[in-house]
Amino acid sequence: MDVRLPELLAEEHIDTYGALSLRHCRILKPYLLEKNGLTADATAIFMILPYHGGVTPENLSVYASVRDYHGYFEGLYRRLTERLSAAYPGYRFCGFTDHSPVDEVNGAARCGLGLIGDNGLLIHPRYASFVYVAELITDAPPALLGLSAAEPRPVQACLHCGACAKACPSDCMREGGSKRECMSAVTQKKGEFTPEEAAAVLALGSAWGCDVCQNVCPYTKKAMATGAIRTPIPYFLEDTISRLTKDYVESLTDGEFNARPFAWRGKAPILRNLELLEREK
Ligand code: SF4
Ligand code: SF4
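Residues numbered from 1 in each chain as written. Chains lettered and ligands numbered in written order. Predicted model: local features only at pLDDT ≥ 70, side-chain atom pairs only at ≥ 80, totals over all residues.

What follows covers the site of ligand 1. Every residue near ligand 1 is listed here: N119, C168, P169, S170, C172, M173, C182, M183, S184, C210, V212 and C213. Going through the elements one at a time, α7 (183-188) and α9 (212-215) are the ones with two or more residues in the shell around ligand 1. For the shell around ligand 1, a count of residues per class yields nine nonpolar, three polar and no charged. (Near = placed C-beta within 6 Å. Helix = DSSP H or I, 4+ residues; strand = E, 2+ residues; numbered from the N terminus. Nonpolar A, V, L, I, M, F, W, Y, C, P; charged D, E, K, R; others polar.)

Further remarks concern the environment of R78. Here R78 shows up in helix α4 (residues 69-87). Taking C-alpha positions, R78 is 9.6 Å from C94, a pair spaced 16 residues apart along the chain.

A separate point is the site of ligand 2. Lining the immediate environment of ligand 2, one finds 14 residues, of which G117, C158, C161, C164 and C217 sit closest. Elements represented by at least two residues in the shell around ligand 2 include exactly α6 (163-167) and α10 (218-226).

Residues F46, I48 and A108 are the most contacted members of the largest nonpolar core, which totals 64 residues. Among the elements that make up this core, the one with the highest residue count is strand β2 (residues 43-50) (six residues). Not counting chain neighbours up to four residues away, the residues in contact with A108 comprise F46, I48, L113, G114, L122 and V133. Ranked by size, the runner-up nonpolar core spans five residues in total, among them V186, V201, L204 and C210. (Core = buried A, V, L, I, M, F, W, Y, C linked by C-beta atoms within 7 Å. Buried ≥ 20, exposed ≤ 12 C-beta atoms within 10 Å, placed from the backbone. Contact = placed C-beta atoms within 7 Å.)

This next bit is on the sheet that holds strand β3 (residues 93-97). Sheet architecture is open: four strands sit in the order β1-β2-β6-β3, paired in antiparallel fashion. In the strand order of this sheet, the two ends are held by β1 (17-21) and β3, each with one partner. The mean angle between the axes of side-by-side strands here comes to 25 degrees, regardless of whether they run parallel or antiparallel. Pairing of β2 with strand β6 (residues 131-138), which is carried by eight bridges, proceeds in the antiparallel orientation. Considered in β6, the bridge of P50 is made with V131. Each of β3 and β6 is contacted by α4, which is oriented at about 165 degrees to β3, the strand it contacts most. (Pairing = 2+ DSSP bridges. Axes fitted to C-alpha atoms, helices over the stretch in contact; angles between N-to-C directions.)

Two numbers describe how helix α8 (residues 195-204) lies on helix α13 (residues 267-279): the axes approach to 10 Å, and their chain directions differ by 70 degrees. Relative to α13, the element α8 lies roughly perpendicular. The handedness of the crossing between α8 and α13 is right-handed. Across from A198, V201 and L202 in α8, the residues of α13 making contact are N273, L276 and L277. (Parallel < 35°, antiparallel > 145°, perpendicular 65-115°, else oblique. Left-handed = near helix turned anticlockwise from the far one by under 90°.)

Residue pairs spaced three or four apart in an α-helix point in one direction, given the helix's 3.6 residues per turn. The end-to-end C-alpha distance of α13, which contains 13 residues, comes to 18 Å, matching closely the 18 Å that a straight helix rising 1.5 Å per residue would cover. Every buried residue belonging to α13 is among I270, R272, N273 and L274, and all of these are buried. Looking at the packing, one finds that the buried side of α13 touches α7, α8 and α11 (246-251). (Expected span 1.5 Å × (residues − 1).)

So, about the environment of S148. Its place among the elements puts S148 in the loop between β6 and α6. In sequence terms S148 and A19 are 129 residues apart; their C-alpha atoms lie 6.7 Å from each other. Excluding its chain neighbours within four sequence positions, the residues that come into contact with S148 are P142 and A143.

Let us look at the pairing of β2. Walk down a regular strand and you will see the side chains alternate between the two sheet faces. Judged by how many residues are buried, β2 sits mostly within the fold: eight of eight residues are covered. Burial along β2 is two-sided: T43, I45, M47 and L49 and A44, F46, I48 and P50, pointing in opposite directions, are all buried. Direction of pairing for β1 relative to β2: antiparallel, over a ladder of five bridges. If you follow L20 over to β2, its bridge partner there is A44.

Below you can see the structure in the form of structure tokens.
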């Protein structure tokens, strides 16, 4: 029986995707292609995975309020590649996100899946920037999978309204700024904070991550106002957290903790951040 990728993706509630030859993609890590037996003749099927639950969490970024995306992608790619490999033996199907051979944001934009904001993020017309970009790379012809490969499009830019750079608490986006580290990275670092870092985390009020440049963006405001921002993917709607506390994190079993996006740094950084925020309340 024919297996068509659009149908498989519809079963996964994925409604935004596009195929682009790797020849039109920026290859950033060629060794990842080689390792998987893929060449520049392969095709990347870029997918947009929205993860915003529609509610703005109080003291953590949206991506940290939902379950860890690594677990999601592991399951998604297992389901997709098992069915595709069984239907099309002899072809390779490899899933990537984050640690990818290609420039994901640029590739998705060149497929016409969104525009690129001055904050460096892909902005989708419905889900704004609260999306993961992921790609399935395959040497199977797109037509065999029920897709047509897109002609690369010019990358569309955002409104350049300047709101993100103006609101950024670290000024790392501002031209001529001091280029202090992005606050998302600061909340994730290990060890003790410097007094400046501690003051900045307190001012931000976030125990994990920073969404300031996304929240002030007019595309986000519009998507929030209409409710369109809410993900249709059940995984990101289940077991969400709107407020983190030290007691909550300490009460998690190892399995529960490891299912959260802040687990990859271990418990110490998130507990340090919460202790700081709760002490100064
Ligand atoms: S995440 Fe926060 S600190 Fe980082 S660029 Fe955006 S607004 Fe600035
Ligand atoms: S806030 Fe304005 S400048 Fe920044 S990404 Fe959004 S539209 Fe572009």
